Amino acid sequence: MADAAVTSDWRSPKLASNATADALSRISRGLYADHYNGLVTKGRPVNHPTVESVEPAAAPTTVNVADCRDDSQWLKYRADTGQQADDGPSGRRHIEAKVKKAVDGSWKVVDFAIQDVGTC
């Protein structure tokens, strides 16, 4: 998502390589909204994901991941002027994601939840 956000490319094939189901839909819609509103994202988020649980334990097909992402240097800008467009808070926020093993053996994010700044 961070790569696609640089140009707000909601059609980037990288998205479908890493996400599916509700996660892909939400990410694509968010990037399309940024594109429609003339926004791009600069910088990079800082992630520190950890595995919270795996199911089933013997041969996992689902992994639950938690993170405390810092998005203070990952901000939205107007594509036409280059001026910063973020007006909300940025910083560290708790993220939970569910990752499932696909039929082809790849792992993809199927759902995620991002909490408010200051939740971790």
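Up top is the structure.
Everything numeric in this text was worked out from a predicted model, so none of it was measured.

Caption draft 1: View of the pairing of strand E6 (residues 107-117). With eight bridges joining them, strand E5 (residues 92-101) and E6 adopt antiparallel strand pairing. Bridge pairing in E6 links Arg93 to Val117.

Caption draft 2: Representation of unusual backbone geometry. The step from Glu55 to Pro56 runs through a cis peptide bond, and the omega angle for that step is -20 degrees. Secondary-structure assignment places Pro56 in the loop between strand E2 (50-55) and strand E3 (62-70). If you check the backbone angles, Ala21 has positive phi at about 55 degrees while not being a glycine. One can find Ala21 in helix H3 (residues 21-36).

Caption draft 3: View of the nonpolar core. With 11 residues, the main nonpolar core is built from Ala2, Ala4, Ala5, Leu15, Ala19, Ala23, Ile27, Leu31, Trp74, Ala97 and Phe112. Setting aside residues up to four positions removed in sequence, Phe112 forms contacts with Ala23, Arg26, Ile27, Glu96 and Ala97.

Caption draft 4: Structural view of H3. Given a rise of 1.5 Å per residue, 16 residues ought to cover 22 Å, and the 22 Å separating the end C-alpha atoms of H3 matches this to within 8%. Those residues of H3 that sit buried are Ala23, Ile27, Ser28, Leu31 and Asp34. With its buried residues spanning 120 degrees around the axis, H3 presents them on a single face. Exposed and facing more than 90 degrees away from the buried side of H3 are Arg29 and Tyr36. Where H3 is buried, its residues contact helix H1 (2-5), helix H2 (13-18), strand E1 (39-43), strand E4 (74-78) and E6.

Caption draft 5: Layout of the side chain of Arg93. Along the chain, the position of Arg93 falls in strand E5. One polar contact links the side chain of Arg93 to the main-chain carbonyl oxygen of Pro89, over a distance of 3.2 Å. Among all residues touching Arg93, those that are not within four sequence positions of it are Asp67, Cys68, Arg69, Asp71, Ile114, Gln115, Asp116, Val117, Thr119 and Cys120.

Caption draft 6: Here's a closer look at the packing of aromatic side chains. Enumeration according to the criterion identifies two aromatic pairs in this entry. Pairing Trp10 with Tyr32 gives two aromatic rings, centres 4.8 Å apart and planes at 80 degrees, and the pair type is edge-to-face. Here Trp10, found in the loop between H1 and H2, pairs with Tyr32, found in helix H3; they are 22 residues apart in sequence, far enough to count as distant. Look at Tyr32 and you get partly exposed, because its relative accessible area is 38%. Grouping aromatic residues by their ring pairs yields a cluster made of Trp10, Tyr32 and Tyr36. Over the ring of Trp10 we find Arg11, and its NZ or CZ is 4.3 Å from the ring centre. Just above the ring of Tyr77 sits the side chain of Lys42; from NZ or CZ to the centre is 4.8 Å.

The rules we used
- Numbers given to residues run from 1 along each chain, matching the order in which its sequence is written.
- For a predicted model such as this one, the threshold for reporting local features is a pLDDT of at least 70, and the threshold for listing and counting side-chain atom pairs is 80 or more; totals across whole chains, interfaces and linings nevertheless cover every residue.
- Excluded from the side-chain calculations are hydrogens and water; all other atoms, namely the structure's heavy atoms, are used.
- Two strands pair under a simple rule: DSSP has to find at least two bridges between them.
- Helix and strand definitions here come from DSSP, where helices need a minimum of 4 consecutive H or I residues and strands a minimum of 2 consecutive E residues; each element is numbered from the N-terminal end.
- Here, nonpolar core refers to any group of buried Ala, Val, Leu, Ile, Met, Phe, Trp, Tyr and Cys residues whose side-chain atoms link them within 4.5 Å.
- Three labels apply to residues, based on accessible area from a 1.4 Å probe with only protein chains included: buried if under 20% of the type maximum, exposed if over 50%, partly exposed otherwise in between.
- Residue contacts are defined here by distance: any two heavy atoms, one from each residue, within 4.5 Å place the two residues in contact.
- Helix span is expected to be 1.5 Å times the residue number reduced by one.
- Relevant arc is that of directions from the helix axis to the C-beta atoms, nothing else.
- Identification of polar contacts relies on pairs of N or O atoms within 3.5 Å, with a donor-acceptor requirement for protein atoms, meaning one able to donate a hydrogen and the other able to accept it, and with residues adjacent in sequence counted only if both atoms are side-chain atoms.
- Pairing of aromatic rings covers Phe, Tyr and Trp, the last counted by its six-membered ring, and requires centre-to-centre distances within 6.5 Å; plane angles under 30 degrees mean stacked, over 60 mean edge-to-face, and any other angle means tilted.
- Criterion for a charge above a ring: Arg CZ or Lys NZ at most 6 Å from the ring centre, at most 35 degrees from the ring normal.

Keep in mind that these numbers describe shape and distance, not what the molecule does.
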